[in-house]
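Structural characterization, general
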Amino acid sequence: MKATHNNDTLVLHTGNEIDGQFGALSIPIYQVSTFLQDSQGNTKGYEYSRAGNPTRDALEKAFAVLEHGKRASAFGSGLAAISAVFMLWNTGDHLVVSNVVYGGTYRLLTKILNRMGISATFVDTTDLAAVNAAITPSTKAVFVETPTNPLMQVADLQAISTLCKQKRLTMIVDNTFMSPYWQNPLLLGADIVVHSGTKYLGGHSDVVAGLVVSATEELGEEVHFMQKAMGGILGPQDSWLLMRGFKTLSVRMEKHEQNARALAEWLCTVPQIKKVYYPGLKSHPQHETAKKQARGFGGMISFELANAAMADHVLSRLRVITLAISLGGVESLICCPAKTTHASIPKETLGALGISDRLVRLSVGIENVEDLKEDILQALKQK
Ligand SMILES: *Cc1c(COP(=O)(O)O)cnc(C)c1O
């Protein structure tokens, strides 16, 4: 896929940058719950902040442009966003979902949506035949996360979208790992994109947020209705923080990726590192798919150590890289997914997928890459 716009300009000039009233170069934080009505029902465009707030609106308009969609809705977390999307379906409906999906998405599907009679089949979405085989007469949607967390498998979005169109299924993509700077699933045929804004979009590990962008007005309207009816909105302060964050998305993403590429190649040469997962490596099984559908490979790397004890040892000795869950912030973060982010997935399932206690996931920050290498080397020392 070619970049259809200059994304670095787009993130700065999306309509969210100038306040209409005074020309302030940042939309004010409308920290307000309700709005004056000149007469009953006669508003100046807003009546109650759950239904609509000018700061959140600015964020939603800007983000719809960034993801090349028709309409965006902002939520209090990525999972609130994903929940609102799943609420589009009914008892008896079935979803096909990537088998290596964010732990919280898996928990939502297997602990809550199942109780409501919405079922899910988890399949390897890098295998088109497997996706096809999982589709039943009650299937309504395919939910794809790519690259997957934490194994960095890349699903072919265009191929899945062709299949979804044939079968009249809604295609949803969790684009958190790539961000709209590198990848735009709606341009590849997806119907809905979801994001945890907590990660690269916020970018500074200081806000929890979620976003949904739809390819059509109709779908956008349905999601917007869910946002208002279920109430999982993003507050004005956090909406502002998120906009402030994504104004620098381009410079951050370029540096995250530059560091991640250098680090991934270097990790392959370190004897104590057994396996490196990064879509930017030529040896990555879906490297060509990644190249075809995205403009970059992102800043997430996973790697395996010899055993779980070694992984624990390294995680506890790092000094620059911070041991914490989450990702996408300017500072490098590391964790063991099997014990943290993916702990809600049964151990046997994790084992079968290849997510073991010796696998660590690194969100590569924007530090000097030589400092990151040195930090890993000192942590690998036994004493
Ligand atoms: C973090 C994350 C989520 C959940 O987002 P929250 O903001 O934590 O609710 C969903 N999908 C992916 C890929 C994530 O990394």
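A brief report on the enclosed structure follows. Computed from a predicted structure; not experimentally measured.

**So, the packing of helix H10 (residues 249-267) against helix H14 (residues 369-380)**
Close contact between H10 and H14 brings their axes to 10 Å; oriented N to C, the two are set at 35 degrees. As for the relative orientation of H10 and H14, their crossing is right-handed in sense. Listed contacts from H14 to Asn259, Ala262, Leu263, Trp266 and Leu267 of H10 are Val369, Leu372, Lys373, Ile376 and Leu377. Of the residues that constitute the contact of H10 with H14, the class distribution is 8 nonpolar, 1 polar and 1 charged.

**Here's the deal with the pairing of strand S3 (residues 71-75)**
The buried fraction of S3 amounts to 4 of the 5 residues, a majority that puts the element mostly inside the structure. In this structure, S3 lies alongside strand S9 (residues 210-214), joined through 5 bridges in antiparallel fashion. Its bridge partner being in S9, Ser73 is matched across the sheet by Val212.

**Some points on the sheet that holds strand S11 (residues 300-304)**
Taken in spatial order, the 5 strands line up as S10-S11-S14-S13-S12 in an open sheet, and their pairing is mixed. The sheet is open, and its two borders are formed by strand S10 (275-277) and strand S12 (322-323), each paired with just one other strand. Where S12 lies against strand S13 (residues 333-335), 2 bridges are found, and the strand directions are parallel. Residue Leu323 lies in a different strand from S13, and its bridge partner there is Ile334.

**Let's talk about the sheet that holds S3**
Two strands in a sheet stick together by hydrogen bonds in their backbones, pointing the same way (parallel) or opposite ways (antiparallel). With mixed pairing, 7 strands are arranged side by side in an open sheet as S3-S9-S8-S7-S6-S4-S5. Of all the strands in the sheet, just S3 and strand S5 (119-123) have a single pairing partner and so form its edges. For this sheet the average axis-to-axis angle between neighbouring strands, irrespective of direction, equals 20 degrees. Sheet contacts for helix H2 (residues 54-66): S3, strand S8 (192-196) and S9; angle to S3, the most-contacted strand, approximately 130 degrees. On the sheet, helix H8 (residues 217-230) packs against S3, S8 and S9 and is oriented at approximately 20 degrees with respect to S3.

**Re the nonpolar core**
By size, the foremost hydrophobic cluster in this structure holds 116 residues, and its most contacted members are Phe246, Leu263, Leu267, Ile301, Phe303 and Leu305. With 7 residues, H10 is the largest single contributor of residues to this core. Residues within four places of Leu263 in sequence aside, it is in contact with Ile301, Leu362, Val364, Val369, Leu372 and Lys373.

**A word on the environment of Leu186**
Turning to its location among the elements, Leu186 is positioned in the loop between helix H7 (179-182) and S8. Each C-alpha atom, one on Leu186 and one on Glu370, is 37 Å from the other, the two residues being 184 residues apart in sequence. When neighbours within four sequence positions are excluded, Leu186 is seen to be in contact with Glu67, His68, Gly69, Asp191, Ile192, Val193, Val213, Ser214 and Ala215.

**Thoughts on unusual backbone geometry**
Residues apart from glycine generally show negative phi values, whereas peptide bonds are mostly found in trans. The residue after Thr146, namely Pro147, is reached through a cis peptide bond having omega -10 degrees. Tracing the backbone through its elements, the reader meets Pro147 in the loop between strand S6 (139-145) and helix H6 (157-167). Here the amide bond leading from Asn149 into Pro150 is cis, since omega sits at 5 degrees, within 30 degrees of zero. With respect to the element layout, Pro150 can be found in the loop between S6 and H6. Positive phi is not limited to glycine here, since His68 has a value of about 60 degrees. Structurally, the position occupied by His68 is in the loop between H2 and S3. Non-glycine residue Ser205 carries a positive phi angle of around 55 degrees. Take Ser205: it is sitting in the loop between S8 and S9.

**Quick notes on the packing of aromatic side chains**
Per the stated rule, a full pass over the model turns up 5 aromatic pairs. Consider the rings of Phe35 and Tyr46, whose centres lie 5.6 Å apart with planes at 35 degrees: the pair is tilted. You can see Phe35 sitting in the loop between helix H1 (7-10) and strand S1 (37-39) and its partner Tyr46 sitting in the loop between strand S2 (42-43) and H2, a full 11 residues away along the chain. Residue classification places Phe35 among the buried positions, given a relative accessible area of 18%. Measuring from centroid to centroid gives 5.9 Å for Phe63 and Phe246, while their planes differ by 45 degrees, and the two rings are tilted. One end of the pair, Phe63, is in helix H2; the other, Phe246, is in helix H9 (residues 236-246), with 183 residues separating them in the sequence. Look at Phe63 and you get buried, because its relative accessible area is 0%. Owing to a relative accessible area of 0%, Phe246 belongs among the buried residues under this scheme.

**Some thoughts on the side chain of Glu60**
When you line up the elements, Glu60 lands in helix H2. When residues no more than four places from it in sequence are discounted, the contact partners of Glu60 are Ala72, Ser73, Ala74 and Gln227.

Each value, and the rule that gives it
- Residues numbered from 1 in each chain as written.
- Predicted model: local features only at pLDDT ≥ 70, side-chain atom pairs only at ≥ 80, totals over all residues.
- Heavy atoms only, no water.
- Axes fitted to C-alpha atoms, helices over the stretch in contact; angles between N-to-C directions.
- Helix = DSSP H or I, 4+ residues; strand = E, 2+ residues; numbered from the N terminus.
- Left-handed = near helix turned anticlockwise from the far one by under 90°.
- Contact = heavy atoms within 4.5 Å.
- Nonpolar A, V, L, I, M, F, W, Y, C, P; charged D, E, K, R; others polar.
- Buried < 20%, exposed > 50% of the residue type's maximum accessible area, 1.4 Å probe, protein only.
- Pairing = 2+ DSSP bridges.
- Core = buried A, V, L, I, M, F, W, Y, C linked by side-chain atoms within 4.5 Å.
- Phe/Tyr/Trp six-rings, centres within 6.5 Å; stacked < 30°, edge-to-face > 60°.

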